[in-house]
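# Chains, contacts and geometry: an overview
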Amino acid sequence: MLATSRISRPEPRIRAAAIVAALLLLLALGCTRGMPPDPARALLRREPFKLGRTVASSSGLVVCADAEAARIGARVLAEGGNAVDAAVAVAFALAVTHPQAGNLGGGGFMLVRRPDGSVDAVDYRETAPAAFHPEVYLGTDGEIDRTRYDNPYLQVGVPGTVAGLALAHRRHGRRPFHLLVEPAERLARAGFIVSPLLARDLRLHRAKLSRHPSTVRVFFHWDREPYQAGERLQQPELAGVLKSIATGGTDVFYRGWIGEAIAQKVRAGGGCLTAADFRRYEARLRDPIRTPLRGGELIGMPPPSSGGIAVAQVLAILDSPALHRADPVGPQLAHALAESLRRAFRDRALHLGDPDFTAVPVNQLLSAAHVKELRGGIDPRRATPSESLWPVPLPLPEAGGETTHFSVLDRDGMAVANTYTLEQTFGGGVVAADLGIFLNNELGDFNPKPGDTDRAGRIGTPPNLPAAGKRPLSSMSPAIYVRDGQVEIITGSPGGRTIISTVAGVLLKRLFLELDPEHAVWSPRLHHAWLPDRLELEEGLWPPQTLEVLRALGHTVKTASSQGAAHSIFRDGERGYVGVGDCRGDGWAAAPTWFDGDEER
Ligand code: DON
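Just so it is clear, the structure is predicted and the values come from calculations on it, not from any experiment.

What follows is about unusual backbone geometry. In this structure, Pro304 follows Pro303 across a cis peptide bond, with omega equal to 15 degrees. On the secondary structure map, Pro304 appears in the loop between β10 (296-300) and α16 (307-318). Following Leu531, the chain continues to Pro532 via a peptide bond in cis, the omega torsion being -5 degrees. Within the fold, Pro532 resides in the loop between β17 (526-527) and β18 (535-538). Notably, Asp484 is not glycine yet its phi reads approximately 50 degrees, a positive angle. Turning to its location among the elements, Asp484 is positioned in the loop between β15 (479-483) and β16 (486-491). A positive phi is found at Asp586, a non-glycine position, where the angle reads about 55 degrees. Among the structural elements, Asp586 can be located in the loop between β21 (577-580) and β22 (588-592). Looking at Asp586, the relative accessible area reads 18%, which means it is buried.

Here we take up the site of the ligand. Residues in close proximity to the ligand total 15 residues, the closest being Thr403, Glu423, Glu442, Asp445 and Gly496. Separating an oxygen atom of the ligand from a side-chain N or O atom of Arg125 is a distance of 2.9 Å. Take Gly496: an N or O atom from its main chain is 2.7 Å from an oxygen atom of the ligand. Grouping the amino acids of the shell around the ligand by side-chain chemistry returns three nonpolar, seven polar and five charged.

So, on to the packing of aromatic side chains. What the rule picks out here adds up to 12 aromatic pairs. Taking 4.9 Å as the distance between ring centres and 55 degrees as the angle between the ring planes, the aromatic pair formed by Phe253 and Tyr254 counts as tilted. By relative accessible area, which is 0% here, Phe253 ends up buried. With centroids separated by 6.1 Å and ring planes inclined at 55 degrees, the aromatic side chains of Phe253 and Phe278 adopt a geometry described as tilted. Of the two residues, Phe253 sits in helix α13 (residues 250-254) while Phe278 sits in helix α15 (residues 275-280), which places them 25 residues apart along the sequence.

Further remarks concern the environment of Ser57. Mapped onto the secondary structure, Ser57 falls in strand β2 (residues 54-57). What makes Ser57 buried here is its relative accessible area of 4%. Spatially, the C-alpha atoms of Ser57 and Gly579 are 8.0 Å apart, while their sequence positions differ by 522 residues. Only 3.1 Å separates the side chain of Ser57 from the backbone oxygen of Gly60, close enough to count as a polar contact.

Moving on, we get to the sheet that holds strand β11 (residues 403-410). By definition, the strands of a sheet pair up through backbone hydrogen bonds, in either a parallel or an antiparallel sense. The eight strands are arranged β1-β22-β3-β11-β12-β4-β5-β8 in an open sheet whose pairing can be described as antiparallel. Of all the strands in the sheet, the pair left with one neighbour each is β1 (49-52) and β8 (284-286). The average undirected angle you get between the axes of adjacent strands in this sheet is 15 degrees. In this sheet, strand β12 (residues 415-421) lies alongside β11 in antiparallel orientation, the contact comprising seven bridges. Paired with Val408 across the bridge in β12 is Val416. Docked against the sheet, helix α7 (residues 161-172) engages β4 (107-113), β5 (119-124), β8 and β12, running at close to 160 degrees with respect to β5.

Moving on, we get to the sheet that holds β18. Taken together, three strands build an open sheet; the order of strands is β17-β18-β19 and the sheet is mixed. Either end of the sheet is taken by a strand with one partner, and the two such strands are β17 and β19 (557-560). Where helix α22 (residues 544-552) meets the sheet, its contacts fall on β18 and β19, and the angle it forms with β19 comes to roughly 145 degrees.

Quick look at the confidence of the model for the protein chain now. Predicted confidence across the protein chain gives a mean pLDDT of 90, with 88% of residues reaching 70 or more. Within the model, the stretch residues 23-37 combines pLDDT values under 50 with 11 contacts to residues more than four positions away or in other chains. Taken together, the stretch residues 393-400 has pLDDT below 50 and engages in 34 contacts with residues farther than four places along the chain or on a different chain.

Before going further, it helps to spend a moment on the pairing of strand β9 (residues 289-293). Residues Ile289, Thr291 and Leu293 of β9 are buried on one face, while the alternating residues Arg290 and Pro292, pointing to the opposite face, are not. Sheet topology places β9 next to β10; five bridges connect them, and they run antiparallel. Within β10, the residue paired with Ile289 across the bridge is Gly300. If you look at the hairpin formed by β9 and β10, you'll find two residues sitting between the two strands, and Arg294 has a positive phi there, around 45 degrees.

A few words on the environment of Leu389. Position of Leu389 among the secondary structure elements: in the loop between α19 (368-376) and β11. Residues Leu389 and Asp347 lie 42 residues apart in sequence; the distance between their C-alpha atoms is 9.8 Å. Once residues within four sequence positions are removed from consideration, Leu389 is found in contact with Arg342, Arg343, Arg346, Thr384 and Trp530.

Enumeration over the complete set of coordinates arrives at 38 salt bridges. For Arg471, the salt bridge is made with Asp123, and the minimal N-O distance between the two is 3.1 Å. Here Arg471, found in the loop between β14 (437-438) and β15, pairs with Asp123, found in strand β5; they are 348 residues apart in sequence, far enough to count as distant. Using a relative accessible area of 2% as the deciding quantity, one classes Arg471 as buried. Overall, Asp123 belongs to the buried group, its relative accessible area being 0%. Where Arg342 meets Asp533, a salt bridge forms, and the shortest distance between an N and an O atom there is 2.7 Å. You can see Arg342 sitting in helix α17 (residues 331-351) and its partner Asp533 sitting in the loop between β17 and β18, a full 191 residues away along the chain. The exposure class of Arg342 is buried, given its relative accessible area of 0%. Taken together, the salt bridges that share partners define one network made up of Asp123, Glu282, Arg284, Arg286, Asp356 and Arg471.

Cut-off values and rules
Residues numbered from 1 in each chain as written. Predicted model: local features only at pLDDT ≥ 70, side-chain atom pairs only at ≥ 80, totals over all residues. Heavy atoms only, no water. Helix = DSSP H or I, 4+ residues; strand = E, 2+ residues; numbered from the N terminus. Buried < 20%, exposed > 50% of the residue type's maximum accessible area, 1.4 Å probe, protein only. Near = heavy atom within 4 Å. Polar contact = N/O pair within 3.5 Å; in protein donor to acceptor, adjacent residues only side chain to side chain. Nonpolar A, V, L, I, M, F, W, Y, C, P; charged D, E, K, R; others polar. Phe/Tyr/Trp six-rings, centres within 6.5 Å; stacked < 30°, edge-to-face > 60°. Pairing = 2+ DSSP bridges. Axes fitted to C-alpha atoms, helices over the stretch in contact; angles between N-to-C directions. Contact = heavy atoms within 4.5 Å. pLDDT = per-residue confidence, 0-100. Salt bridge = Lys/Arg side-chain N within 4 Å of Asp/Glu carboxyl O.

Structural data, given as structure tokens:
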């Protein structure tokens with residue numbers, strides 16, 4: 001009897017309240033479906049990681065351009081994977097959730113520093129096909145033929161990403177390769193929620209993307225409207241490719257059906273990639289650029305990236321007590337940085353290219369004597385006209401598009417700095433039919449016309465001319481800074497040539513100005529690339545007085561939209577390590593919590 005009375009019907013008022021509460025709950029659950037990822041939800045679900053724009057952790061960190069990919073990387077760390085395992089999983093995941101630059105069809109560079117101090121510099125840059133030659137973009141009149149130069153299929157190099165990730169994994173990975181590909185495959189198959197950033201980029205690049213039916217099929221609805229933020233995007237063809245890679249490894253890509261299908265697609269569009277080009281491809285281990293700096297060591301990527309040398313040169317030129325704790329938005333620092341960049345970019349145009357094709361005088365460019373000479377040429381009261389550093393004007397082509405950088409650190413101190421790209425946002429806009437893979441347009445990074453040194457905005461210096469089997473010069477600058485045997489900074493950025501300015505700026509602010517990690521990443525940036533001879537400053541962020549002084553010093557000042565996205569990790573005293581997602585690129589930091597004690601469990 002007692003039991004019956006306990007379950008007797010509640011009185012009507014309570015019943016009504018319960019029904020309203022249930023309805024509200026259902027409504028709330030319904031509303032959150034299809035919403036952009038909410039970082040707080042991960043914590044509520046007690047996932048094995050914490051996620052935020054900034055996260056402090058001593059048990060490992062992943063910082064990248066997408067919350068879902070950051071979670072995947074942190075989960076790999078939580079499950080006992082090391083930094084390379086996590087980096088491989090993040091790279092595959094970004095190919096699904098951040099198709100603007102995350103890729104299987106592009107290439108990049110990865111630095112791995114092991115706790116014992118040894119470093120791998122993995123070059124997985126795209127490579128020109130065997131049919132390439134220095135006049136590939138010229139017409140019969142010897143001038144640049146726009147129909148050739150602008151044809152996205154003629155800019156596709158053999159993609160290096162799958163080979164690069166596999167090489168890094170073979171050397172350092174702890175978890176089975178297929179387990180690191182699977183989270184990406186699941187995301188591609190089941191779909192993921194389109195972020196506001198992806199939706200914006202699909203809208204911005206709509207014209208380029210909608211020229212290719214194979215691209216429209218994936219990223220646009222039946223009414224030719226691109227996917228919007230909050231919608232679920234599924235990529236079954238990409239899922240199929242990822243499944244093949246998970247089980248078949250690099251062979252299915254470079255010696256099997258995937259490479260063959262890409263080559264066929266590229267040739268049908270007027271390019272010249274063949275299955276044999278895929279068979280020849282290899283990711284390479286290079287000697288990293290290691291330079292002493294402020295009692296520690298800066299580690300960067302050597303050619304065919306220009307980043308390691310240029311960033312090291314800039315910081316060496318600036319390394320003087322005068323800048324110690326300088327105002328980060330004052331004219332003194334801006335002038336000094338611009339002048340250093342101007343000189344490093346001049347050297348870049350003169351000397352840098354694929355080291356398998358051109359002798360790069362690395363030691364000379366980084367020698368104390370050369371740095372001293374460059375520093376000595378800087379006038380603190382006057383901007384140096386760029387043309388005075390060269391007998392003839394050599395304007396460089398405009399940068400444009402999207403790349404992505406991520407940083408990973410595991411609890412044992414293994415560090416990964418990885419920057420990879422399709423060159424422009426979504427590459428040339430072409431998805432290879434039936435594969436769901438965006439193709440790169442990286443070969444546009446070659447100097448298009450030998451000897452073309454006019455003012456039209458090109459350079460034609462020999463080190464970076466197209467050639468069969470050659471890798472185009474890159475600005476991608478993944479970087480690791482180590483002091484007293486401890487990793488202090490892991491950084492890098494997208495942004496074409498501005499990458500070098502961004503990475504040098506982040507390192508400078510942390511090491512010389514001693515800003516806290518957040519300010520080192522979030523504070524205003526500038527860029528100077530020697531030519532065009534102008535100083536670009538992020539719009540609305542610099543004090544007007546600084547701009548006035550810079551103009552008075554003789555700089556041509558131009559305001560520019562936001563620069564780069566330096567998703568970085570720093571060692572920061574009592575906070576341990578801090579991951580800082582760059583708000584310019586929707587950056588997220590994630591850390592495993594299994595190792596963190598009770599607080600987050
Ligand atoms: O390798 C390079 O330097 C260029 N292909 C990178 C392109 C890039 O960063 C575009 N923008 N974010």
